Amino acid sequence: MIDTEKLATEPKADTFLGKTVLRIEEMLRPLGEPGYRAGQIYKWIHHFNADTFDEMTNLPQSLRDTLHARFQIKTLQRAQVEMSADGTEKYLWRLPDNRHIESVLITEARRNTVCISSQVGCSLGCEFCATGQMGFIRNLTSGEIVEQVLQIRKLTKHPITNIVFMGMGEPFLNYHRAVQASRILSDPEGLAISAKKITFSTSGVVPKIYQFTDEAQPFKLAISLHAANQPLRERIMPIARKFPLNQLMESVRYYMRAKRQNRVTFEYILLHGINDSLANMKQLISLLSPIRCKLNLIPCNQNNLGFSAPPPEHLDKIREVIMKADFPVTIRKNRGEDITAACGQLAVEVSEKVIFMK
Ligand code: SF4
């Protein structure tokens with residue numbers, strides 16, 4: 001497994017987006033500006049979602065002109081937006097280096113969740129995941145992570161309530177930038193989204209689960225489990241060779257001991273004939289029963305990788321078995337399938353090149 005944390009390819013464009021107030025203060029120092037200007041600019045960009053320096057009416061005109069000449073605000077170009085019949089919205093962004101990423105807005109009665117990307121591609125190569133087949137290209141900057149939410153907030157009519165790192169990439173292999181972005185997303189002077197509504201979903205980068213716990217990060221944790229025994233997990237998720245299932249579960253128990261109030265979420269994609277037998281389900285129940293958790297079962301979507309969802313009659317049998325668990329279980333409805341925005345299915349055609357996301 002590559003340590004992608006150190007492999008960021010920072011875009012050349014200099015932007016204040018995704019920067020802390022302290023960092024903005026440093027960037028303004030050569031201009032001889034007082035420190036308090038940094039806080040003003042930070043708030044205009046992240047809280048008021050300003051697109052231009054001209055909107056920053058409490059800055060002197062001369063400073064606005066200087067900023068306009070030297071810096072930019074938004075760096076993602078909207079390449080495509082697709083709307084599903086079920087209300088799901090899929091956004092394709094062009095990055096400054098001409099790479100592409102996607103974000104998906106899932107609208108529900110009581111919440112609207114943006115599923116964001118943390119990397120271009122992914123180094124972990126999960127068998128069922130189209131992103132994994134691309135390999136790792138680069139980390140996103142904290143600005144590029146924040147900007148996905150900022151731009152969608154402006155474009156959609158739905159108020160954004162929740163964020164999940166379940167788009168392209170493994171957020172724990174871009175840990176510092178994902179955490180910095182989440183601090184800005186949850187900062188009352190930033191996007192002011194409750195930290196409890198921001199979820200890091202990891203495929204099991206065990207040392208980062210310990211770090212996340214030891215740093216008492218206020219965000220939620222979800223584990224992409226997908227197999228309840230070591231041989232099967234190794235087969236479909238190569239990361240299990242480096243961080244075996246028993247180590248992963250021990251790190252989750254460590255997290256749960258530190259977070260007394262919370263439940264941890266496990267995600268389990270149902271791949272017919274691979275990990276969806278009734279014996280697999282029973283094993284899953286016994287693995288998770290000792291943990292305060294909830295389980296999301298996600299029938300696999302069509303994504304050209306040769307996997308399929310359990311047929312309806314088998315899904316009914318799974319439901320019968322799994323509902324006996326003494327923790328909450330949901331079987332997720334597929335959303336956005338008509339625009340290929342569902343989990344495991346996202347695929348974007350850009351100039352004849354096909355980019356896939358999980
Ligand atoms: S499922 Fe997540 S961790 Fe696995 S290859 Fe896809 S993006 Fe990477």
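In short, a report on the structure. (Residues numbered from 1 in each chain as written. Predicted model: local features only at pLDDT ≥ 70, side-chain atom pairs only at ≥ 80, totals over all residues. Heavy atoms only, no water.)

Some words on the overall build of the chain
Part 1: Helix and strand counts for the chain stand at 12 helices and 14 strands.
Part 2: Sequence separation of 24 or more characterises 65% of the internal contacts of the chain that already satisfy a separation of 6 or more.
Part 3: With an accessible surface of roughly 15600 Å², the chain has 50% of that area assigned to carbon and sulfur atoms. (Helix = DSSP H or I, 4+ residues; strand = E, 2+ residues; numbered from the N terminus. Contact = heavy atoms within 4.5 Å. Areas by Shrake-Rupley, 256 points an atom, 1.4 Å probe, with all protein chains shown as cover.)

Quick look at the environment of histidine 176
Part 1: Residue position: histidine 176 is located in helix H6 (residues 175-186).
Part 2: Residue histidine 176 is classed as partly exposed on the basis of its relative accessible area of 47%.
Part 3: As a C-alpha pair, histidine 176 and serine 142 span 34 residues in sequence and 8.4 Å in three-dimensional space. (Buried < 20%, exposed > 50% of the residue type's maximum accessible area, 1.4 Å probe, protein only.)

Let's talk about the side chain of serine 201
Part 1: Turning to its location among the elements, serine 201 is positioned in strand E8 (residues 198-202).
Part 2: A relative accessible area of 1% means that serine 201 is categorised as buried.
Part 3: There is a polar contact of 3.3 Å between the side chain of serine 201 and the side chain of serine 224. (Polar contact = N/O pair within 3.5 Å; in protein donor to acceptor, adjacent residues only side chain to side chain.)

Remarks on the nonpolar core
Part 1: Phe16, Val264, Phe266, Leu284, Leu295 and Leu297 are the most contacted members of the largest nonpolar core, which totals 101 residues.
Part 2: Two domains each put at least three residues into this core: domain 1 (18-70) and domain 2 (77-356).
Part 3: Setting aside anything within four residues of it in sequence, one finds leucine 284 in contact with Leu225, Ala228, Tyr268, Leu295, Leu297 and Ile322. (Core = buried A, V, L, I, M, F, W, Y, C linked by side-chain atoms within 4.5 Å. Domains from an automatic or database assignment.)

Examining the pairing of strand E1 (residues 77-83)
Walk down a regular strand and you will see the side chains alternate between the two sheet faces.
Part 1: Inspection of the sheet shows E1 paired to strand E2 (residues 89-94) by six bridges, in the antiparallel sense. Among the inter-strand pairings, glutamine 77 is bridged to a residue of E2, identified as arginine 94.
Part 2: Linking two consecutive strands that pair antiparallel, namely E1 and E2, is a turn of five residues; a positive phi of about 95° is found at glycine 87 within it. (Pairing = 2+ DSSP bridges.)

Overview of helix H2 (residues 36-46)
Part 1: Counting buried positions along H2 gives eight out of 11 residues, so the element sits mostly inside the fold.
Part 2: Against the buried residues of H2 lie helix H1 (21-28), helix H3 (61-70), helix H5 (142-155) and H6.

Brief notes about helix H11 (residues 278-288)
Part 1: Inspection of H11 places Asn280, Met281, Leu284, Ile285 and Leu288 among the buried residues, and these make up the whole buried set. Angularly, the buried residues of H11 cover 140° about the axis, an arc narrow enough to put them on a single face. Residues of H11 that are exposed and angled more than 90 degrees away from the buried face: Ala279, Lys282 and Ser286.
Part 2: Where H11 is buried, its residues touch helix H8 (230-236), helix H10 (245-258), strand E10 (264-270), strand E11 (293-299) and helix H12 (312-322). (Arc of directions from axis to C-beta.)

As for the environment of phenylalanine 172
Part 1: Take phenylalanine 172: it is sitting in the loop between strand E7 (162-165) and H6.
Part 2: Given a relative accessible area of 0%, phenylalanine 172 falls into the buried group.
Part 3: For the pair formed by phenylalanine 172 and valine 206, sequence separation is 34 residues and the distance between their alpha carbons is 9.2 Å.

Let's talk about the pairing of E11
Part 1: Burial analysis of E11 places six of its seven residues in the buried class, the great majority of the element.
Part 2: Sheet analysis places E10 next to E11, joined by seven bridges and oriented parallel. Paired with tyrosine 268 across the two strands is leucine 297, which belongs to E11.
Part 3: Running through H11, the crossover from E10 to the neighbouring parallel element E11 is right-handed.
Part 4: As defined by bridge partners, E11 adjoins strand E12 (residues 329-331) across three bridges and the pair is classed as parallel. Counterpart to leucine 295 in the pairing with E12 is valine 329. (Right-handed = clockwise from strand over helix to strand, strands pointing away.)

So, the pattern of salt bridges
Part 1: Overall, the coordinates contain 15 salt bridges when judged by the stated rule.
Part 2: With a shortest N-O distance of 3.0 Å, arginine 138 and glutamate 144 are connected by a salt bridge. Across this residue pair, the class does not change: arginine 138 and glutamate 144 are buried.
Part 3: Connected via shared salt-bridge partners are Asp51, Lys74 and Lys154. (Salt bridge = Lys/Arg side-chain N within 4 Å of Asp/Glu carboxyl O.)

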